[in-house]
Amino acid sequence: GLVDASYWSLTVELVFYIAIGFFVFIFSYKNLRYFFALWLLISASIFFFNLDQTFFAKLLLVRHAGYFIFGGMLALIVLNQSKNIYEKYFDKILFIISAIFTTLIHPFSLPAYFTQNPLDTTIITLLHVLFFLLITFSVLASKYITSQNTIKILIAIGGVTYPLYLLHQTVGNTTINYILQTVEIQRNLIAIFVEIIVLITAYIIYLKDKELRKWIAEKIK
């Protein structure tokens, strides 16, 4: 089994990085928009023909394709990677379609245990719309942020998210349950206390990771 249940996404990310790495190596990063377009077309076709539970579909990450495509196309748009008006509109249209596609198929792509409550599907749909809009606005607005202190704070917040993701589930729950067995106190108070500790730990890991990256960069020069 998994060391931590939240680590399931690491396999998905690894497959994506390997696939996009091969594509860029063979076809150049300038053609990434066509990689994303083909991936979205294949994913949509697989869902249309109810083949999303097959091994081939899982290997192609059709459940998660829309999220990667959304992020990839947003990056191309922000970095202004289009060479002509055709590519400019192509990128924007594919960006919008990926968000719509992901929002529409999520009730069919999520495992059953994610939707135990009848309201879950509606709530998750609304969260999809909210986060897609929020991410787009935040990324597009970031170019107007000029304060170095603000930039450093935002970079730190972004850097903390990954170690927080790695720590929050098993480490957090284990700590909460251990405290509950040894101290008589409300679970909500313990959860807040543990969350603060996990956030501090995540920030320390973020700082150490920066130091390690700098050390490795100096060693490979």
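What this report covers is the structure whose coordinates are included nearby. (Residues numbered from 1 in each chain as written. Predicted model: local features only at pLDDT ≥ 70, side-chain atom pairs only at ≥ 80, totals over all residues. Heavy atoms only, no water.)

## Some details on the pattern of salt bridges
For the coordinates displayed, the defined rule picks out 5 salt bridges. For E87, the salt bridge is made with R33, and the minimal N-O distance between the two is 3.3 Å. Of this pair, E87 sits in helix 5 (residues 85–109) while R33 is found in helix 2 (residues 32–48), placing the two residues 54 residues apart along the sequence. Look at E87 and you get buried, because its relative accessible area is 5%. Note that E211 and K208 form a salt bridge whose closest N and O atoms lie 3.8 Å from each other. On the criterion of helical spacing, the pair formed by E211 and K208 is a turn pair, its members being 3 residues apart in helix 9 (residues 187–219). On the basis of relative accessible area, E211 is assigned to the partly exposed category, the value being 48%. Salt bridges sharing partners connect three or more residues here, namely R33, K83, E87 and D91. (Salt bridge = Lys/Arg side-chain N within 4 Å of Asp/Glu carboxyl O. Helix = DSSP H or I, 4+ residues; strand = E, 2+ residues; numbered from the N terminus. Buried < 20%, exposed > 50% of the residue type's maximum accessible area, 1.4 Å probe, protein only.)

## Quick look at the packing of helix 7 (residues 148–167) against helix 9
What describes two packed helices is the angle between their axes and the distance between those same axes. For the pair helix 7 and helix 9, interaxial distance at closest approach is 8 Å and the crossing angle is 115°. Crossing geometry of helix 7 relative to helix 9 is assigned as right-handed. On the side of helix 7, the interface is formed by I155, A156, G159, V160, P163, L164 and L167, while helix 9 contributes E195, V198, L199, T201, A202, Y203, I205 and Y206. Class assignment for the residues of the contact of helix 7 with helix 9 results in 12 nonpolar, 2 polar and 1 charged. (Axes fitted to C-alpha atoms, helices over the stretch in contact; angles between N-to-C directions. Left-handed = near helix turned anticlockwise from the far one by under 90°. Contact = heavy atoms within 4.5 Å. Nonpolar A, V, L, I, M, F, W, Y, C, P; charged D, E, K, R; others polar.)

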